[in-house]
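A structural walkthrough
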Amino acid sequence: MSVTESLLVVHVLSVVLWIGGVAFVTTIVLPMLASWPAAQRFAVFREIERRFGTEARVLVVAAGASGGALLFRLRLTGLLFRPQGAWLDGMIGLWTLFALLLFVAEPLFLHRKMTEMAQRDPSRAHALLVRGHRLLLALAVIVIIAGVWGATG
Ligand code: HEM
């Protein structure tokens, strides 16, 4: 297997595991917790997110590093500022959004704000988490479809 093929394997595998985790939380964990008592609901969700958060951070770094390396090896940097390269801009945009959420917003204020809200108004906190995760998953699905189309078309 060539270096470029290995990088593509790392890239696709990181994306599958990372976005697969987001899909699991969005479509299984959050709907399941909706019927639980408020106090338990948030504690369980926090524990799942704490574990998945660490995994997601590693996967986001791996996806970004392998994607960046592929960009240069495949000589695709020239596409970044052209309409035909919108699929690449989408990948980088979504990656930046997740990186900011996981590495900046979460540790700086998001974790604290969500904990406060969950204590004050658990239903609102749950609804916000559902909406946020659905939005991120929908964006990821669009970027994956565009990425496969862009890379093969
Ligand atoms: C810094 C961020 C990223 C960069 C620089 C990047 C760059 C790339 C490059 C250069 C390729 C190879 C294209 C080719 O084979 O011609 C690729 C493939 C791919 N990327 Fe990304 N990517 C990034 C993030 C993401 C994200 C966030 C997703 C999805 C959520 C994603 C999904 C994919 C998929 C599914 C492919 C495989 C396409 C295929 O071979 O069929 N990438 N990426």
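Relevant structure appears above.
Residues numbered from 1 in each chain as written. Predicted model: local features only at pLDDT ≥ 70, side-chain atom pairs only at ≥ 80, totals over all residues. Heavy atoms only, no water.

As for the coordination of the iron atom of the ligand
Within the protein, the atoms that donate to the iron atom of the ligand are His11 (NE2) and Met91 (SD), at distances of 2.1 to 2.2 Å. Each of the 6 donor atoms bound to the iron atom of the ligand contributes to angles spanning 84 to 178°, and the resulting shape is octahedral. With His11 in helix α1 (residues 3–33) and Met91 in helix α3 (residues 86–120), this residue pair connects regions lying 80 residues apart in the sequence. Look at His11 and you get buried, because its relative accessible area is 14%. Residue classification places Met91 among the partly exposed positions, given a relative accessible area of 26%. (Donors = N, O, S within 2.8 Å, 3.2 Å for Na, K, Ca; no water. Tetrahedral: all angles 85-135°; square planar, octahedral: opposite > 155°, others 65-115°. Helix = DSSP H or I, 4+ residues; strand = E, 2+ residues; numbered from the N terminus. Buried < 20%, exposed > 50% of the residue type's maximum accessible area, 1.4 Å probe, protein only.)

Re the nonpolar core
Counting residues in each nonpolar core, the largest one holds 28 residues, and the members touching the most others are Trp18, Phe45 and Phe98. Broken down by secondary-structure element, the contributors of at least two residues to this core are α1, α2 (38–73), α3 and α4 (122–152). When sequence neighbours within four positions are dropped, the list of residues in contact with Phe98 reads Trp18, Ile19, Val22, Val60 and Leu136. Within the second largest apolar cluster, 6 residues are counted, among which are Leu71, Leu76, Leu79 and Leu80. (Core = buried A, V, L, I, M, F, W, Y, C linked by side-chain atoms within 4.5 Å. Contact = heavy atoms within 4.5 Å.)

Details of a positive patch on the surface
Taken together, Arg112, Lys113, Arg120, Arg124 and Arg131 make up a surface patch of like positive charges. Of all elements in the fold, only α3 and α4 reach the threshold of two or more residues within the positive patch. Of all the elements, α3 adds the most residues to the positive patch, at 3 residues. Among the secondary structure elements, Arg120 is positioned in helix α3. According to the relative accessible area criterion, Arg120 is exposed, its value standing at 61%. (Patch = residues over 30% accessible without salt bridge, like charges linked within 9 Å, V, L, I, M, F, W, Y side chains within 5 Å. Areas by Shrake-Rupley, 256 points an atom, 1.4 Å probe, with all protein chains shown as cover. Salt bridge = Lys/Arg side-chain N within 4 Å of Asp/Glu carboxyl O. Lys, Arg positive; Asp, Glu negative; His and termini not counted. Charge placed at Lys NZ, Arg CZ, Asp CG, Glu CD.)

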